[in-house]
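Survey of secondary and tertiary structure
Listed here are the chains, written in short residue letters.
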Amino acid sequence: MERKIAVIGGGASGMMAAIQAAYCSAAVTVYEKNDRVGKKLLSTGNGRCNFSNEAMGPQFYHGGTKLVEPVLARFGTAWTKTFFSSLGMRIKDRAGYLYPASDQASTVLDLLRYELDRKQITVHTKAAVQKLSFDRGKRKFQIIQSGKAAEYDAVILCCGGCAAPNTGSDGSGFRLAKDFGHRIISPVPALAGMRCKEKFYRQAAGVRCDAGLTLCVAGEQICEERGELQLTDYGLSGIPAFQISGLAARALWEQKSVMVRVSFLPDFDEAACQAFFEKRLLERGDMPMDIFLTGVVNKKISQTLLKLAGIRESERADAVPAAAFANLLQLYCGLETEVTAVNSFEKAQVCAGGVDCSEVTETLMSKKQPGLYFAGELLDVDGLCGGYNLQWAWSSGAMAGRAAARE
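Everything numeric here is computed off the predicted structure, so don't read it as measured data. (Residues numbered from 1 in each chain as written. Predicted model: local features only at pLDDT ≥ 70, side-chain atom pairs only at ≥ 80, totals over all residues. Heavy atoms only, no water.)

Some remarks on the overall build of the protein chain
What counts here: The secondary structure listing takes helices from DSSP runs of H or I that are at least 4 residues long and strands from runs of E that are at least 2 residues long, numbered from the N terminus. When accessible area is computed with a 1.4 Å probe and restricted to protein chains, residues below 20% of their type maximum are described as buried, those above 50% as exposed, and intermediate ones as partly exposed. The contact rule is simple, with two residues in contact once any of their heavy atoms fall within 4.5 Å. His is not counted, nor are the chain ends, whereas Lys and Arg count as positive and Asp and Glu as negative. By convention, charge coordinates are those of NZ in Lys, CZ in Arg, CG in Asp, or CD in Glu.
When helices and strands are tallied, the protein chain shows 11 helices and 21 strands. Summarising its shape, the C-alpha atoms of the protein chain cover approximately 85 × 45 × 35 Å along the three principal directions. For the protein chain, buried positions account for 55% of its 407 residues. A separation threshold of at least 6 residues defines the contact pool for the protein chain, and within that pool the share at least 24 residues apart is 72%. Put simply, the protein chain has 48 plus and 43 minus side-chain charges, and the middle of one group is 7 Å from the middle of the other.

Now the structure itself:
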């Protein structure tokens, strides 16, 4: 007799879980609260859908990384490429970042939808689940939706976290997990811009530049990132800021001080920076500072740093007091800025936190309730930019879907 599986949530992980369970001959029903499945998927990768990455491993994730390794070992990048190729998708590799050759996220969603139809998977849209329970006498799960009850042998929760709530990720899955006694690591926004205390960012808002960022929490250096930084009127954005934002948000939630050190000359250490400017002084010391600094970095950045160092743009370079010049060099190599907040869930790409991974088996089944599985962002796993969060959706969805159909 075929097993009846319910998948709650029709996002990336939910669709993958449903398809893989159907491949294992289960009768699958998907409950999606939106009017269509995969709504959030359409916005990934700026609409191009960076769906995976050739560089893959637990080092690209935060949270329950011990759980990530065995899941990726079974359903990693190679498996994902084979799966989507089997659906008919050509793949484009951009320095290891994987996209559909069409450069359209809709391609990925359409192929998943077609496969849901081909495997005769029942999909209920506008179908928010009011209650999920387990009848120990019948050994069945019961789902209440729109006042109607349905029974299943296993349930996979793929409801997402709290990021981008306009796509349906409103944290409702955490409530369902808590009903079965699961601990929820407090959700915080990740892959988002960081708001800083200082006001000088307005002078350079809109500037993009190569920069190195060092995150310090309570005075301790936590991590480093480098990439195209975007300065905004409120602080720091762009890929390197996104990469450290989840750790910053967690530290702020724990009421710890958060500071970011920004290097606008990421190829230089302090000694190299000193040597660079000493040579420049010998060659261009008779020039006013605004001309002296032209070509070093974006002009708006140099103008901002001059003000912070208390140096006039018209001041001749070789006449600048040594202490002020040393301060300027320090600002180029390590501008320290205090982070006061990370942008809200409405502007975050993912959610850090979720179901405690220590309460889940390697097949993503609940240790508290056999037959209940988790996948995707609902778990306390969040990845860096670069296709890692979608890869986790595919990997965890496949693991949970197959296990739910077989165990």
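So, the side chain of aspartate 380
The following threshold applies: Each reported salt bridge corresponds to a side-chain nitrogen of Lys or Arg within 4 Å of a carboxyl oxygen of Asp or Glu. Polar contacts, as counted here, are pairs of nitrogen or oxygen atoms within 3.5 Å of one another; within protein the pair requires one atom able to donate a hydrogen and one able to accept it, and residues that are adjacent in sequence qualify only if both atoms are side-chain atoms.
Considering the arrangement of structural elements, one finds aspartate 380 in the loop between β20 (372-374) and β21 (381-383). Of the buried charged residues, aspartate 380 lacks a salt bridge, with arginine 250 as the closest side chain of opposite charge at 5.0 Å. A distance of 3.2 Å separates a polar side-chain atom of aspartate 380 from the backbone nitrogen of glycine 353. The contact partners of aspartate 380, leaving out residues within four places of it in the chain, are His62, Gly63, Gly64, Ile185, Gly353, Gly354, Val355 and Cys357.

A word on the sheet that holds strand β5 (residues 91-94)
Short version of the rule: At least two DSSP bridges between two strands are required for those strands to pair.
Here we have three strands laid out as an open sheet, ordered β3-β6-β5, and antiparallel in their pairing. Looking along the sheet, the strands with just one partner apiece sit at the ends: β3 (52-53) and β5.

Quick look at the side chain of threonine 77
With respect to the helices, strands and loops of the structure, threonine 77 is situated in helix α3 (residues 77-86). With sequence-adjacent residues up to four places away left out, threonine 77 is seen in contact with Ser52, Asn53, Glu54, Met56, Leu98 and Gln391.

Description of the packing of aromatic side chains
Think of a pair of aromatic rings as described by two things: how far the centres are apart, and how the planes are tilted against each other in angle. Applied cut-off: A pair of Phe, Tyr and Trp rings is counted when the ring centres sit within 6.5 Å of each other, with Trp represented by its six-membered ring. The angle between the planes then sorts it: under 30 degrees is stacked, over 60 is edge-to-face, the rest tilted. A ring has a charge above it when a Lys NZ or an Arg CZ is no more than 6 Å from the ring centre and no more than 35 degrees off the ring normal.
For the coordinates displayed, the defined rule picks out 18 aromatic pairs. Measuring from centroid to centroid gives 5.1 Å for phenylalanine 84 and tryptophan 394, while their planes differ by 70°, and the two rings are edge-to-face. Here phenylalanine 84 is found in helix α3, whereas its partner tryptophan 394 is found in helix α11 (residues 388-406), with 310 residues between them in sequence. Ring pairing ties together the aromatic residues Phe51, Phe75, Trp79, Phe83, Phe84 and Trp394, which thus form one cluster. The ring of tyrosine 234 is capped by arginine 195, whose NZ or CZ atom sits 4.4 Å from the centre of that ring. The ring centre of phenylalanine 292 lies 5.8 Å from the NZ or CZ of arginine 280, which sits over that ring.

Observations concerning unusual backbone geometry
Notably, glutamine 120 is not glycine yet its phi reads approximately 55°, a positive angle. You can see glutamine 120 is positioned in the loop between α4 (105-118) and β7 (122-124). Phi at leucine 191 is positive, roughly 50°, even though this residue is not glycine. Along the chain, leucine 191 falls in the loop between β12 (184-190) and β13 (194-196). The exposure class assigned to leucine 191 is buried, which follows from its relative accessible area of 4%.

So, the nonpolar core
Quick reminder of the rule: Nonpolar core, defined: a set of buried Ala, Val, Leu, Ile, Met, Phe, Trp, Tyr and Cys residues in which side-chain atoms within 4.5 Å join the residues together.
Leu157 and Trp394 are the most contacted members of the largest nonpolar core, which has 144 residues in total. For this core, the element with the highest residue contribution is α11, accounting for 11 residues.

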